[in-house]
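# Architecture and fold: a report
One-letter residues, chain by chain:
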Amino acid sequence: MKDYYQRLGVKPTANFDEIKKAYRQLSKKYHPDMHGGTHTYAEDVFKEIQEAYHTLADDSRRAAYDYQLEVYRNPPKRTVYKNTQGQHTYQAPHNYYRNSSVEVSKADILKSTTVWVALGVGVVWMVFMFMYYLKNEGTGGDDYITTGSSLSGEQSKLFKLREKYSQLGPLEDGVTWGYKNGKYELVDTSGKVLSAKYDWVGGFNEEVAVVKKAGKYGYVKNTGQELTPFKYDFAEKVTDRIAIVQYNNKYYILHFEGRFKSIELTGVSAVGTYAEGLLPVKLAATEKWGYINAEGKGMILPAYWDVTEFRDDLAGVKDTSTHLWGYINPSGKLVIPFSYEKVTVFKDGKARVTRNHKTYIIDNINRCVADCD
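Note on numbering: residues in each chain are counted from 1, in written sequence order. Residue-level local features of this predicted model are given only where pLDDT is at least 70; pairs of side-chain atoms are given and counted only at 80 or more, and the full residue set underlies all totals for whole chains, interfaces and linings. Each side-chain value is derived from all of the structure's non-hydrogen atoms; neither hydrogens nor water enter the calculation.

Residues qualify for a patch when their relative accessible area is over 30% and they have no salt bridge, like charges being joined within 9 Å and the nonpolar side chains of Val, Leu, Ile, Met, Phe, Trp and Tyr within 5 Å. Methods summary: accessible areas were calculated by the Shrake-Rupley approach with a probe of 1.4 Å, and residue burial reflects only the protein chains presented. For this analysis, a salt bridge means a side-chain nitrogen from Lys or Arg found within 4 Å of a carboxyl oxygen belonging to Asp or Glu. For the purpose of counting charges, residues Lys and Arg are taken to be positive, whereas Asp and Glu are taken to be negative. His and the chain ends are not included. The location of each charge is read from NZ of Lys, CZ of Arg, CG of Asp or CD of Glu. On the surface, E276, D312, D313 and D348 cluster together into a negatively charged patch. We count a stretch as a helix when DSSP gives it H or I for four or more residues in a row; a strand needs E for two or more, and each element gets its number in order from the N terminus. Counting through the fold element by element, D348 comes out in the loop between β19 (342-343) and β20 (350-355).

Below you can see the structure in the form of structure tokens.
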């Protein structure tokens, strides 16, 4: 199993900013354009870097990957039985078998038979009730069956699907990804297959999922309809009905609202995470970062060494001269001065920052609110 953390050179505990920073550095190093477009090793590494970032940058995909990686590295131990003598054949202890001369009373036989008959009847009854429940999918008229710890109707349907697939994704709007024989396909709770087969799939976001086929990414609706060609080298999840993709070393904004359209980002060498209506972009000509809107129009001039996405109407920006971080608002105004060596994005009005090698938490007006000592 691929170790995406090792591929990006980060620890499993790395936060999103650390993962994004490593991704940007490695993408620039192994980008095919940096090797004349003829270095096959660099191309393969570049694709692995993109795949690693695509998985680790999304919380749900990362959680699923972490679980699979843990199971892969630490599979459940199988109990091995052997006798204490270290011999290959089992030796029964002395007097293990009842002496043939010992007489068994009829009462003992009757008790033993009664117990086994009772157990047998109980097992048959439990199997019968369980099969009855599955047949009625948890919605039958018998109140006893559908109360207490019984499975829900959808859980019962998923139980049936598990007989067909080796893995199932979470149920989303009545559909789920089923995995078998190395491929994923979209199925509904009745078991009907809705899509083609794919090598890799992401979760649905705004009813659209990123999927991979024949080494290229595309987008699929939760009905199984393929919304785009499978030609993209990298593809972000849909946010606010748009997605950022890369094709032939160029970046595009895809619009899924209404009529589908694709907008090429000319002169852009790298992109960040689209959030709150703004996309961080790095211009190839100046190597500086700025922000554009969903239509590709410049909103904040490229004037920064590095940037974060917008959260809580604030984005971290790194000064080109001092290499210190501050924060700007959506109009581009610097509202928190350049004074920090490290910053994180804001969440619930707070962000973690580092100044003079000391890390603490500030609010959106630059007041220290935690870890101030």
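For two strands to be treated as a pair, DSSP must find no fewer than two bridges joining them. What the three strands build is an open sheet, ordered β4-β5-β6; its pairing is antiparallel. The open sheet has two edge strands with one neighbour each: β4 (200-201) and β6 (216-221).

Following the criterion strictly, the structure yields 19 salt bridges and no others. Of the charged contacts in the structure, one is a salt bridge between E51 and K212, with a shortest N-O distance of 2.9 Å. Taken together, the residues span a long stretch of sequence, with E51 in helix α3 (residues 40-56) and K212 in strand β5 (residues 208-213) at a distance of 161 residues. Each residue gets one of three labels from its accessible area relative to the maximum for its type: buried under 20%, exposed over 50%, partly exposed in between, using a 1.4 Å probe on protein chains only. Among the residues examined, E51 registers a relative accessible area of 12% and is labelled buried. According to the relative accessible area criterion, K212 is buried, its value standing at 13%. Close ionic contact of E264 with K250 constitutes a salt bridge, the shortest N to O distance being 3.6 Å. With E264 in strand β10 (residues 261-265) and K250 in strand β9 (residues 250-255), this pair connects stretches of sequence that are 14 residues apart. Where salt bridges share partners, they join K2, E51 and K212 into one cluster.

Before going further, it helps to spend a moment on the sheet that holds strand β11 (residues 268-271). In spatial order, the strands read β11-β12-β13-β14; together these four strands make up an open sheet with antiparallel pairing. Pairing within the sheet leaves two strands with one partner each, and these edge strands are β11 and β14 (298-304). Here the strands of the sheet are splayed against their neighbours by 30 degrees on average, with no regard to which way each runs. Of the strand pairs in this sheet, β11 and strand β12 (residues 279-283) are connected by three bridges, and their pairing is antiparallel. Within β12, the residue paired with V268 across the bridge is L283. Fitted lines through C-alpha atoms serve as axes, helices being fitted only where they are in contact, and the angles separating the N-to-C directions of these axes extend from 0 to 180 degrees.

On to helix α4 (residues 59-73), then. With 15 residues, α4 ought to run about 21 Å at 1.5 Å a step, and its terminal C-alpha atoms sit 21 Å apart, in line with that. All buried positions along α4 are accounted for by R61, R62, Y65 and L69. Taken end-on, α4 shows its buried residues confined to a sector of 95 degrees, consistent with a single buried face. Exposed residues pointing more than 90 degrees away from the buried face of α4 are listed as D59, S60 and Y67. Expected span of a helix: the number of residues minus one, times 1.5 Å. The arc in question is the one spanned by the directions pointing from the helix axis to the C-beta atoms.

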